[in-house]
Amino acid sequence: MESFQYITPFIYLLLVVIWSYILYFYLRKIYKRSGVDKLLLTLLIVLAVDAFRTLFESVFFGVWYTSLSGLIPISIYNFLAQPQIVFFPKIINLLVSFIILAILIKRWIPAETSRQNEQSEMIRHRTKELQKTIDHLNSTKNDLLEQQQLFEIMLNTIPDGVVIADTKRKIILANNGMKSTFGYLPEELIGNTTEMLYADSEKYIDTGSKFYTEKSKGTDNLYLTKYKTKDGLVFPGETFGKKLHNSDGTWKGNLGIMRNVSERIEFIKEINNQRDKAQEADRLKSAFLSNMSHEIRTPMNGIVGFTSLIQKPDLSDEKRQKYLGLIQKSSVRMLSTVNNIIEISKIETGHIEITSNYVRISEQLEYLYNFFKPEVENSNMELILKNELSQDDDFIETDELKLNSILTNLIKNAIKYSHEGFITISCRKEKLDLIFSIQDSGIGIEESRREAIFDRFVQADIEDRGAYEGSGLGLSIAKSYVEMLGGKIWVESEPGKGSTFSFSIEWKQATRRIDSKKEKSEPVLTDESNSINILVAEDDHVSFLLIENILEDTKYKILRAENGKQTLEVFMSGAKIDVILMDLKMPVMDGFEATKLIRELDKDIPIIAQSAYAFAGDRKKAMECGCTDFIAKPLDQKKLIFIINSYVHA
Ligand code: ADP
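Below is a summary of the structure that appears in this document. (Residues numbered from 1 in each chain as written. Predicted model: local features only at pLDDT ≥ 70, side-chain atom pairs only at ≥ 80, totals over all residues. Heavy atoms only, no water.)

Along the chain, the position of Gly 256 falls in strand 6 (residues 251-260). In sequence terms Gly 256 and Leu 222 are 34 residues apart; their C-alpha atoms lie 9.7 Å from each other. Apart from the residues within four sequence positions on either side, Gly 256 is in contact with Gly 161, Val 162, Val 163 and Phe 240. (Helix = DSSP H or I, 4+ residues; strand = E, 2+ residues; numbered from the N terminus. Contact = heavy atoms within 4.5 Å.)

This is the structure in structure tokens:
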């Protein structure tokens, strides 16, 4: 009996624990239900618990209360209140609660576990998916970073300026190309408006080219405009502009790609210039060709025509002389044309070099004066020489041949285009220049043609070309030569009254004094030259015959050698030789070689080179080999005698 006193309370305790658990279990279940269910079930449980408690307790209270009222003896209550009696219902209760617990454990725990498993599986799955999403986001972020880097590299590699501006033209992005194009660093631009980049408040240049659009039209446009660098330099620029829009279509700003096109514009200008020049050259060349054809055919016509006429047996002496004169005149004219063509080709191909030598201007002018005097006087005009140079200024360093050619050209023109009056050759010094002028009282030149006549193939009056013969090359050759000598050429003229052609050359005083050439103004055709021997080195028979005939009346004695070797042999034979006339191109040994060898033996003997080479720069080469002077073929009778005289008459 004793033991029940302890067992029963213990069972109570156990019951409280088990039922508490069962209660907790249900409450948890209920907790997961939705609002109304939750409340309903909770109330039901509270009711069930209370009903259960009331059921058991009411037995005892009922018995106790009834025994108190005397309806039943107290002993029943005492009996029932004995721990061993209380024990039985409690043990039954305990059993029931165990059974419920067991059922719960069997039914609900696995469900709970599987639910929990499911949940954790779901969580794992969700976590996995989340991880995947995070990975995807990370890789997208890396891709984006990479693309951004690529974009920045591209943006900054573009040599042109690139800017993005908002709707108020405020710059929000600029690339490094803005530095090379405008001189601004990107950070100097951001926040400023694009107006600072334009000169002339964004005036675009309307080129009229379809390539460029009008700035205000369309969403994309390409236009030429005037830009301004950070330093304020204005330059032509090409802009490609694009309007940028938000996803909802509203305008959000502009993208501008800005390029410096000054080089391209220069290039286009240059090309247009070249094209114009080429077209002009083409036009002039056609004019030249027809002029040349005229200039060659006309004298050829004279030569061929009079050569056949001269062969008539019954021709009077007078007529023969006249025809011969005409043939000679035609030949000279043709020669001058050919020379001019050769000269201009040399200039065009850059084959002309400056060969400086010491020149005594007074001697040059006198030479020309004497040379042209007879021709001028034959045309019933007067040739005047006005040399205003002092003795000190007279001796200069320049290219003698070119100076001579310029003067000759101008004097010939003065003679050609004048019919009466005078021709004056003058020279003066102005500062560090020598100014030469050839004045004539001829036909003059219209104002409109005064510049053009210095161009190649141009004559003052193309329409009236037939009136005066000429190729239209003389003045352009003279101009090129003058420029090579460091000067310029110009003309003053009055139509009908005359012209004055003047040119300057650099006055460069000769540093060394040499003996001037001993020239005679007139060809010597007298007995004085009796004892003078000329050694003519010439392989070509016709050329030799020509020299022989030219010198026939001079009584110079002629010795002939047919090549350089023979020339050397004759020279070494001990014969008295005063001048050697050396052809440069000969078989066995050429004139250059022969001259060199002769110079080793005799430093003083005058050796005059004669050559028909047009391009080889043989004058210079001949002088380097030791020749004293040079005369070009075809030989001019007067010139040849003139040169020989200048060396043999002390
Ligand atoms: P051309 O062989 O035709 O004389 P040039 O080049 O020497 O060629 O001269 C060009 C043109 O200039 C000539 O055709 C002529 O119309 C004009 N001209 C040159 N010199 C004179 C001058 N002294 N007086 C008048 N016109 C001249």
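After that view of the structure, there is still more to cover.
When its volume is computed, the second largest pocket comes out at roughly 580 Å³. Lining the second largest pocket are 19 residues, and of these Trp 19, Val 49, Phe 52, Arg 53 and Asn 93 lie nearest its centre. Elements with a minimum of two residues in the lining of the second largest pocket: helix 1 (2-32), helix 2 (35-68) and helix 4 (83-157). Tallied by class, the residues present in the lining of the second largest pocket amount to 14 nonpolar, two polar and three charged. (1 Å grid on protein atoms, 1.4 Å probe; cavity = no way out; pocket = protein on both sides within 12 Å on 5 of 7 lines; lining within 4 Å. Points joined across faces, edges and corners; volume = space filled by probe spheres on them. Nonpolar A, V, L, I, M, F, W, Y, C, P; charged D, E, K, R; others polar.)

Attention shifts here to the pattern of salt bridges. Here the structure, examined in full by the defined rule, presents 20 salt bridges. The salt bridge partner of Glu 121 is Arg 124, with a shortest N-O separation of 2.3 Å. One end of the pair, Glu 121, and the other, Arg 124, are both in helix 4, three residues apart, so they sit about a helical turn from each other. Taking the relative accessible area as the measure of exposure, Glu 121 reaches 41% and is therefore partly exposed. Classification of Arg 124 as exposed rests on a relative accessible area of 52%. Taking the shortest distance from any N to any O, the salt bridge between Glu 377 and Lys 373 comes out at 3.2 Å. Placement of the pair is Glu 377 and Lys 373 together in helix 9 (residues 361-378), with a separation of four residues, close to one helical turn. (Salt bridge = Lys/Arg side-chain N within 4 Å of Asp/Glu carboxyl O. Buried < 20%, exposed > 50% of the residue type's maximum accessible area, 1.4 Å probe, protein only.)

The next point concerns the packing of aromatic side chains. Throughout the structure, instances matching the rule amount to 13 aromatic pairs. Arranged with centres 5.9 Å apart and planes meeting at 90 degrees, the rings of Phe 25 and Tyr 26 form a pair that is edge-to-face. Taking the relative accessible area as the measure of exposure, Tyr 26 reaches 32% and is therefore partly exposed. Centroid distance Tyr 367 to Phe 371: 5.9 Å. Interplanar angle 25 degrees. Geometry classified as stacked. (Phe/Tyr/Trp six-rings, centres within 6.5 Å; stacked < 30°, edge-to-face > 60°.)

Where nonpolar side chains cluster on the molecular surface, the patch consists of Phe 61, Trp 64, Tyr 65, Leu 68 and Ile 74 and spans about 560 Å² of accessible area. Tallying contributions element by element places helix 2 first for the nonpolar patch, with four residues. Residue position: Leu 68 is located in helix 2. Judged by its relative accessible area of 54%, Leu 68 is exposed. (Patch = residues over 30% accessible without salt bridge, like charges linked within 9 Å, V, L, I, M, F, W, Y side chains within 5 Å. Areas by Shrake-Rupley, 256 points an atom, 1.4 Å probe, with all protein chains shown as cover.)

On to helix 10 (residues 400-416), then. Over its 17 residues, helix 10 extends 24 Å from the first C-alpha to the last, a length consistent with the 24 Å expected when each residue adds 1.5 Å. In terms of burial, helix 10 is largely enclosed, as 13 of its 17 residues are buried. Two to three positions downstream of the cap, the backbone nitrogen of Leu 401 sits 3.2 Å from a side-chain oxygen, assigning the N-cap of helix 10 to Asp 399. (Expected span 1.5 Å × (residues − 1). Polar contact = N/O pair within 3.5 Å; in protein donor to acceptor, adjacent residues only side chain to side chain.)

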